[in-house]
Amino acid sequence: VSGYTAVSADTSYTAARGYGISSGSVTAGGTASATDTAEDYLEGAMTFKADVEKGKNYTVAITYQGTLTTGYVNSDLAGYTLGTQDSLAAATYTVAVPVDTLDLTVSGDGAKIAAITVTKNADQTANAKPKIFHVGDSTSANNGSWAYVFNNTYSNYTDFAALATFSNSGAGGRNLCTYYTQGKLAGVLKAIKPGDIVMFGNNGTNGMGSSFETDVNYYLDAAEAMGAKIIINSYTPHGAVSSYASCYDSSTHTFNGWRQDGYDVIVRKVAAEREANDPNYLGFVEIGKNADAAFNAYVADYAANGYESADAAAQAIIACFSDHNHYSEGSIARNLMLNGYGDVKGIVAQLVEILTPEPTFSEIVTRATTTDAGVTTVTISEAVNGGNASAKVPSGATVNVSAEVTNATLTAESGTFTVKKGDSTITNAKTVQFDSNGKINPGDGAIISTPNKKDTSMTDNGYFITKKASGDTIKIKVGDKTATVNIGETIEGDVLFGVFVIGIPEGETVTVSAD
């Protein structure tokens, strides 16, 4: 048929060919036709593969009979069903492909494939705000669970709603395997738009074995391949009921229900590895431990919450749990998970913290700038890595630096400014650079002053780096004395009024001369 590439029973998939049959016992059937793709076909259970660009959605138009599946990963994630047809007929499906090969498997009595067309869909357009897809089981899907309620109320949380939207994609009764094989993950992957976020962690574990960690990482990798960032969360806590009653200590009126089994340990392990190595990992939402802390704070504050005793407050929380997993019998436990209590951050506050962009160096300096009675001060009291960015400083301002600043530059809006760090001062500065070690490189014309230092311990306080070219000079002022350092000449062990000049580029030397 014109426009199609012929595939016979002998057309095996190879990397060089980029398409073909990768498995199955296949025979040719029907009658060859130059005009009708359904007249001839390959018959038998088989898997057809075609190389594609990973991380894209594809429209698959296929004429087949039998049960059609795609997305085989391993024996746990053994593909999901696209459709079933009792006779040879055409069908069209949208398939998200997070790897570089599309696989299509047809099986069942009378399995046949007559024709396949694979078309890459247009790239999706980003939402105005990222959407968070939460993937989980009944502890997030059930009516009354935190994700179910948050899905319907997130717009009421103005701090969160300014940053993102939320979609509860949980499904009750599913573990990682069945969530995948029933096409639930595929639905999420198809919906991802650039900048969206997939949140994992509340995934069912019943029936899962040693491959759980591998499968979790596949979920994360697949979401990232489709263009999403990822957030990982810990499990909701055990309810202190039945065999888990010991999660509440009535003698201390405290809860300790956060999950510490092997699966929870794996989720935390994966999160730590992603934090260290994965640029698409945004952060970790601590549900279990923070739920315990919020429960305990709520119980300790029992009188303010309308209870006669701490135990009565604790029992109100316990009553929310119908079993050790599910907590939809009341709103208290869920609300404490979502909103936290007192200083304990709930799920929403943690999400806002994760989603809030780190301020730029310029924003940090602007926020740190105050003017009182005509005197402008910039106070940098927390460690800052400027990311090699620069920030403007008002003319005449004094910049007080009491924390490490690295990879950043301060530049005067006009005129000059002053920098104070420790017991040292730079005046008449137009530009001041902080290198990757926090050392300071003042620009041309700056004057450095520091108390008399005659020891040779070479501490950070009072010692400044210069990276000037040979032939340049820099002034150093100590008390009422001023000297000029000339780059490119020799000095061996000389001390100018107790000040050591350090940080000269390798191979360059200096001369210090007093005016």
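All of these numbers come straight from a predicted model, not from anything done at the bench. (Residues numbered from 1 in each chain as written. Predicted model: local features only at pLDDT ≥ 70, side-chain atom pairs only at ≥ 80, totals over all residues. Heavy atoms only, no water.)

1. As for the overall build of the protein chain
Stage number 1. Looking only at helices and strands, one finds 12 helices and 29 strands in the protein chain.
Stage number 2. Every one of the 515 residues in the protein chain was classed for burial, and the buried ones make up 47%.
Stage number 3. Restricting to contacts in the protein chain with at least 6 residues of sequence separation, those with at least 24 account for 62%.
Stage number 4. Accessible surface, the protein chain: about 23800 Å² in total, of which carbon and sulfur atoms supply 46%. (Helix = DSSP H or I, 4+ residues; strand = E, 2+ residues; numbered from the N terminus. Buried < 20%, exposed > 50% of the residue type's maximum accessible area, 1.4 Å probe, protein only. Contact = heavy atoms within 4.5 Å. Areas by Shrake-Rupley, 256 points an atom, 1.4 Å probe, with all protein chains shown as cover.)

2. Let's talk about the sheet that holds strand β9 (residues 165-168)
Stage number 1. On the basis of which strands lie adjacent, the open sheet formed by five strands has the order β9-β8-β10-β11-β14 and parallel pairing. With partners counted over all chains shown, the strands left at the sheet margins are β9 and β14 (281-285), one partner each. Within the sheet, the average angular offset between the axes of one strand and its neighbour, ignoring direction, is 20°.
Stage number 2. Two strands pair when backbone bridges link them, and strand β10 (residues 197-202) and strand β11 (residues 229-233) are joined in this way by four bridges, in the parallel orientation. (Pairing = 2+ DSSP bridges. Axes fitted to C-alpha atoms, helices over the stretch in contact; angles between N-to-C directions.)

3. Notes on the sheet that holds strand β25 (residues 440-442)
Stage number 1. Within the open sheet, the four strands sit side by side as β19-β21-β24-β25. Their pairing is mixed. If you trace the sheet from one side to the other, it starts and ends with β19 (384-393) and β25, each paired once. Mean inter-strand twist for the sheet, computed between neighbouring axes without regard to direction, equals 10°.
Stage number 2. When strand β21 (residues 405-412) meets strand β24 (residues 431-434), the two strands line up antiparallel, connected through four bridges. What sits directly across from T409, in β24, is Q433.

4. Considering the pairing of strand β4 (residues 46-51)
Stage number 1. In terms of strand pairing, strand β1 (residues 19-24) meets β4 through five bridges, oriented antiparallel. Looking at β4, one finds that I21 is bridged to F48.
Stage number 2. The sheet contact formed by β4 and strand β7 (residues 101-120) spans six bridges and is antiparallel. Each residue of the ladder has a partner; that of M46, found in β7, is V106.

5. Here's the deal with the pairing of strand β20 (residues 398-401)
Stage number 1. Only one face of β20 is buried: it carries V399 and V401, and the other face, with T398 and N400, is open.
Stage number 2. Where strand β18 (residues 375-380) meets β20, four bridges bridge the pair, whose relative direction is parallel. For I380, the partnering residue across the bridge sits in β20 and is V401.
Stage number 3. Bridge analysis of β20 against strand β22 (residues 417-421) gives four bridges, and the strand direction is parallel. Bridge pairing in β22 links V399 to V419.

6. A closer look at the environment of S242
Stage number 1. Structurally, the position occupied by S242 is in the loop between β11 and β12 (248-249).
Stage number 2. For S242, a relative accessible area of 70% translates into the label exposed.
Stage number 3. Taking the C-alpha atoms as reference points, S242 and D323, separated by 81 residues in sequence, lie 7.5 Å from one another.

7. Notes on the environment of A141
Stage number 1. If you trace the backbone, A141 turns up in helix α1 (residues 138-141).
Stage number 2. For the pair A141 and G173, spaced 32 residues apart in sequence, the C-alpha to C-alpha distance is 9.5 Å.
Stage number 3. Beyond its immediate chain neighbours, meaning those up to four positions away, A141 contacts Y148, N168, G170, A171 and G172.

8. Let's talk about the packing of aromatic side chains
How two aromatic rings sit relative to each other is set out by the distance from centre to centre and by the angle between their planes.
Stage number 1. Per the counting criterion, the structure on display carries 17 aromatic pairs.
Stage number 2. Both rings, one in Y64 and one in Y93, keep their centres 6.4 Å apart while their planes meet at 55°; by these two values the pair is tilted. One end of the pair, Y64, is in strand β5 (residues 56-72); the other, Y93, is in strand β6 (residues 78-97), and 29 residues separate them in sequence.
Stage number 3. A relative accessible area of 15% means that Y93 is categorised as buried.
Stage number 4. Consider the rings of Y248 and F255, whose centres lie 4.9 Å apart with planes at 40°: the pair is tilted. An identical accessibility class is assigned to Y248 and F255; each is buried. (Phe/Tyr/Trp six-rings, centres within 6.5 Å; stacked < 30°, edge-to-face > 60°.)

9. Description of the pattern of salt bridges
Stage number 1. Summed over the entire model, instances satisfying the criterion amount to 11 salt bridges.
Stage number 2. Among the ionic pairs, E213 bridges to K269, the shortest N-O distance being 2.5 Å. Placement of the pair is E213 in helix α6 (residues 212-225) and K269 in helix α7 (residues 262-277), with a sequence separation of 56 residues.
Stage number 3. Of the residues examined, K269 reaches a relative accessible area of 37% and is grouped as partly exposed.
Stage number 4. Here K269 and E273 are joined by a salt bridge, their closest N and O atoms 2.8 Å apart. Residue K269 and its partner E273 are located together in helix α7, separated by four residues, close to a single helical turn.
Stage number 5. Connected via shared salt-bridge partners are D221, E224, R274 and D278. (Salt bridge = Lys/Arg side-chain N within 4 Å of Asp/Glu carboxyl O.)

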